[in-house]
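Overview (structure and organization)
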Amino acid sequence: MTDGGGTCGHSIRVVDDDAYRERDVPEGSLTDDGVWNCPHDAVPDGDRCIFHVPIDEQDAAAVRDAFASAIGGDAETVFDAASDTDPDDRLARRRRTEFVDAEFGSLQFPEGSVVGDTDVETPIYLSHATFAGDVRFEDATFARGAFFTGATFEGGANFSETTFTGDTRFNGVTFREDAAFDRTVFEKEVRSGGVTFEGEADFYRAAFAEDLNLKYATFAGKATFWKATISATVRFNGAAFRPLDDEFHELQELDLTNANFTDATLRDVNLEASELIQAKLFGADLRGVRLYGAVLTDSRVDDRTRFLGPPGAPPFSLGGLVRFWHKPRCVYDPRYDGDPVGDGTRAQRNRAKSTYRSIAEVASSASRPALQSLCFVNRQDIHRRTHRDELVRGLPRDQLEADGGAPASTADRAATPMPGRSSASIRRGVRTTARNALYRGVKLFQWLRAELSRWTLLYGESPWRIIATGLAIVATFALLYPLGGLVPTTGPDVTYTNIAENPRLFFDSAYFSTLTFTTLGMGDYQPIGIARVLMSIQTSLGAIVVAMLVFVFGRRAAR
C-alpha cells in the first residue's frame, strides 16, 4: 500500500478490470500489482470506510460531513466538521480526496460552498462513484479539479451556477435524471466523452473557458446549450441527440466555430442563428435539424453527411422515380415528411428557402452536386407553390387596404354599382378589381412558367426530362402530320386514310417528325396543308429543346 493509506478494506485491481483505467485514480496511488486501496479509515467495528459501506447502512448526514471534512475547504466550517488530516502531510491530504467506487445517498452542499481546498492541486477523485439520491452543488465553487469519470447519478444532479476552477471530467458518467449546469462556469477543459444524459441536460448560459469534449455523448432527454459561451472548441464526435416529442434540443445562437460533429447524430436539434464556421460535419446526420439563420461558411461535409429528410429515414437515392415523387426536404418545408416547423406557411417557406440556399452553398464548396441540385429543386418547388397560392388568393389584403381599396375577397362586390354608393367608392372598387385581375394574371403566368419548367426540365437540373420532352414532341407531331398530309417523292401520301389501309405509313410520319425536330430535313417528304404549320412549330420547338439540353449538360459539367 502506498503512503497515506487507511484501514478500509475496499480495493480495486485496476489492471484486471475493463471498467477501470489507470487515469481513473491519481498517479502513484496504485501498488506494484496495479491495485488501488481505499485510503480512508474503516468505520468502528467494520472493515469498510463510511464511503464504501452499502447505502442502506449509511447515515446520509454523516457521509456528507465526512466527505466535507476529507476534501477540506470552508465546507468544514459550513458543517462544523473537524478535520482529521494533518495539514503538513500533503501526500496524506491528497489520498484523503480519493473516493473511487464510493457510494453516496443524497449529497447536498449549501449554496455558496467551497468544495475542496486550494493548497493541494490534486483533483477530487469521484471515479465510478454511485450517487443514489439527489446531488446538489448549486452556486458552489470547486477549488480544484473534480473527476467524476464513470460515476452514476441515480437522482437529480444540480450544478447550477457552480464554478469549476480545475480540470473537470465527466467521462462515461450516466445521469439517470435531469442534470442542471445552467450558468455554470468551467475555467479549465471539460472532458465528458461518453457521458449519457437520460433526463434533461441544461447548460443554459454555461461558460466554457477552454475546450469542451462531448465525444460520443448521448442526449436522450432535451439538451439545452442556448446562449452558452464556448471560448475554445467543442467536440461532438459520434454524439447522439435522440428525437424528442414536440421539442428540440436547443443549440441555437452558439459560436460553434471549428466544432467537430464527425459521425454525430443530430435529431431534432435547433441550430438556428449558430455559427458553424469551418465546422466538421463528416458523416453527420442532420436530418430534421433547424438551420435557419445558421452560418455554414466553410463547413466541411462529405458524401455521408445528410441534411434533408425526416430523422431515421433510410439513405436516400437520387435516382429513379423516388426523386420525382418523393424528394427529401428540410424541416421548415410545408411538405416536409413529418410536422414542419413554423408559425405559418409563409414563414415556413421563407425559412425553407434560406435553409436550402445555405445547404446548397455548402454542397457546392464540398463538390456534392447531387445535394446542391436537390436543394435548388426544392427551393424552386417552394417558389412554384407560392405562385399558385398567390394566384388563388389574389392581391394581398394589406396592399388593397393601403391603396384605399376593398379587401381581395370583396373586390368583385365592391366594383358592382349599388344604390347609395358614391362614384368615388365605385371607382375605387373598379380600380381594385382591375389591379387584382392584373396581379392574378402575372401570378398565373409565373405559375404556368414554373410548372412547365418543372415538368420539362426540372428547373434545368434533369437532362432526362428534356430528352423525355423531346420524345413526347416527336410522338405528338407524328400523330398530327397525317391530318394535313405528307407527300413523299415516291409512294402513297401519308394521311390517316392511307394509314388505315397501310399502318406502316405511320412510321414514315414518325420518321419525318424526327428529322424535323432535329432540323435535319432530308427533303424526301413534302408537307401539305396544316402540316406545313406544324412543321414550322416543331422546328422551333426542336431548336429550343436541343438548346436547353446543351444548357443543362453544361450546367452539370460546371458543377
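Described below are features of the structure shown in this document.

Quick notes on the rules
- Residues numbered from 1 in each chain as written.
- Predicted model: local features only at pLDDT ≥ 70, side-chain atom pairs only at ≥ 80, totals over all residues.
- Heavy atoms only, no water.
- Helix = DSSP H or I, 4+ residues; strand = E, 2+ residues; numbered from the N terminus.
- Contact = heavy atoms within 4.5 Å.
- Areas by Shrake-Rupley, 256 points an atom, 1.4 Å probe, with all protein chains shown as cover.
- Buried < 20%, exposed > 50% of the residue type's maximum accessible area, 1.4 Å probe, protein only.
- Patch = residues over 30% accessible without salt bridge, like charges linked within 9 Å, V, L, I, M, F, W, Y side chains within 5 Å.
- Salt bridge = Lys/Arg side-chain N within 4 Å of Asp/Glu carboxyl O.
- Lys, Arg positive; Asp, Glu negative; His and termini not counted.
- Charge placed at Lys NZ, Arg CZ, Asp CG, Glu CD.
- Axes fitted to C-alpha atoms, helices over the stretch in contact; angles between N-to-C directions.
- Parallel < 35°, antiparallel > 145°, perpendicular 65-115°, else oblique.
- Nonpolar A, V, L, I, M, F, W, Y, C, P; charged D, E, K, R; others polar.
- Expected span 1.5 Å × (residues − 1).
- Pairing = 2+ DSSP bridges.
- Left-handed = near helix turned anticlockwise from the far one by under 90°.
- Polar contact = N/O pair within 3.5 Å; in protein donor to acceptor, adjacent residues only side chain to side chain.
- Core = buried A, V, L, I, M, F, W, Y, C linked by side-chain atoms within 4.5 Å.

This part is about the overall build of the protein. Across its full length, the protein holds 13 helices and 32 strands. Relative to all contacts within the protein whose residues are 6 or more apart in sequence, the contacts with residues 24 or more apart total 47%. Surface summary for the protein: the accessible area is close to 26100 Å², and the carbon and sulfur share equals 51%.

Okay, unusual backbone geometry next. With a phi close to 65°, K227 is a non-glycine residue in the positive phi region. On the secondary structure map, K227 appears in the loop between β24 (223–224) and β25 (229–230). Phi at N258 is positive, roughly 65°, even though this residue is not glycine. Tracing the backbone shows N258 in the loop between β28 (249–250) and β29 (265–266). Judged by relative accessible area, N258 falls into the partly exposed class, the value being 35%.

On the surface, a cluster of negative charge is made up of D134, E177, D178 and E200. By secondary structure assignment, the location of D134 is in the loop between β7 (130–131) and β8 (135–136). On the accessibility criterion, D134 (42% relative accessible area) is partly exposed.

Glancing now at the packing of helix α12 (residues 505–517) against helix α13 (residues 530–558). Interaxial distance between α12 and α13 falls to 8 Å at its minimum, and their mutual angle equals 55°. Taken as axis vectors, α12 and α13 run oblique relative to one another. In this structure, α12 contributes F512, S513, T516 and F517 to the contact, and α13 contributes M535, Q538, T539, L541, G542, A543 and V545. In the contact of α12 with α13, the residues fall into six nonpolar, five polar and no charged.

Quick look at helix α10 (residues 463–484) now. The terminal C-alpha atoms of α10 lie 32 Å apart, and with 22 residues this matches the ideal 32 Å at 1.5 Å per residue to within 8%. All of the buried residues along α10 are P463, R465, I466, T469, G470, I473, V474, F477, A478, Y481 and P482. Phi turns positive one or two residues past the end of α10, at G485, with a value near 115°.

Here R64 shows up in helix α1 (residues 60–71). Along the chain, R64 and F109 lie 45 residues apart, while their C-alpha atoms are 8.3 Å from each other.

This part covers the sheet that holds strand β10 (residues 146–147). Taken together, six strands build an open sheet; the order of strands is β6-β10-β14-β18-β22-β26 and the sheet is parallel. Both edges of this open sheet fall to β6 (124–125) and β26 (234–235), since each of them pairs with a single strand only.

Okay, the packing of helix α5 (residues 345–365) against helix α6 (residues 369–393) next. What describes two packed helices is the angle between their axes and the distance between those same axes. Close contact between α5 and α6 brings their axes to 8 Å; oriented N to C, the two are set at 160°. Regarding the angle of α5 to α6, the classification is roughly antiparallel. As for the relative orientation of α5 and α6, their crossing is left-handed in sense. Of the residues in α6, those in contact with R349, A352, K353, Y356, R357, I359, A360, A363 and S364 of α5 are L371, Q372, C375, N378, R379, I382, H383, R385, T386, R388 and D389.

Further remarks concern the side chain of E272. Position of E272 relative to the elements: it lies in the loop between β30 (269–270) and α4 (320–325). Among the residues examined, E272 registers a relative accessible area of 12% and is labelled buried. Among the polar contacts listed, one links the side chain of E272 to the side chain of R351, at a separation of 3.1 Å.

In this section: the nonpolar core. Most often, soluble globular proteins have nonpolar side chains that are buried together. By size, the foremost hydrophobic cluster in this structure holds 101 residues, and its most contacted members are F104 and F148. Taken together, the elements giving at least two residues each to this core come down to α1, β6, β10, α5 and α6. In terms of residue count, α5 provides more of this core than any other element does, six residues in total. In this view, F104 contacts F51, I55, Q58, V63, F67, F99, L126, A129, T130, F131, A132 and G133; residues no more than four positions away in its chain are not counted. Grouped together as the second largest cluster of nonpolar side chains are 17 residues, I473, V474, F477 and Y481 included.

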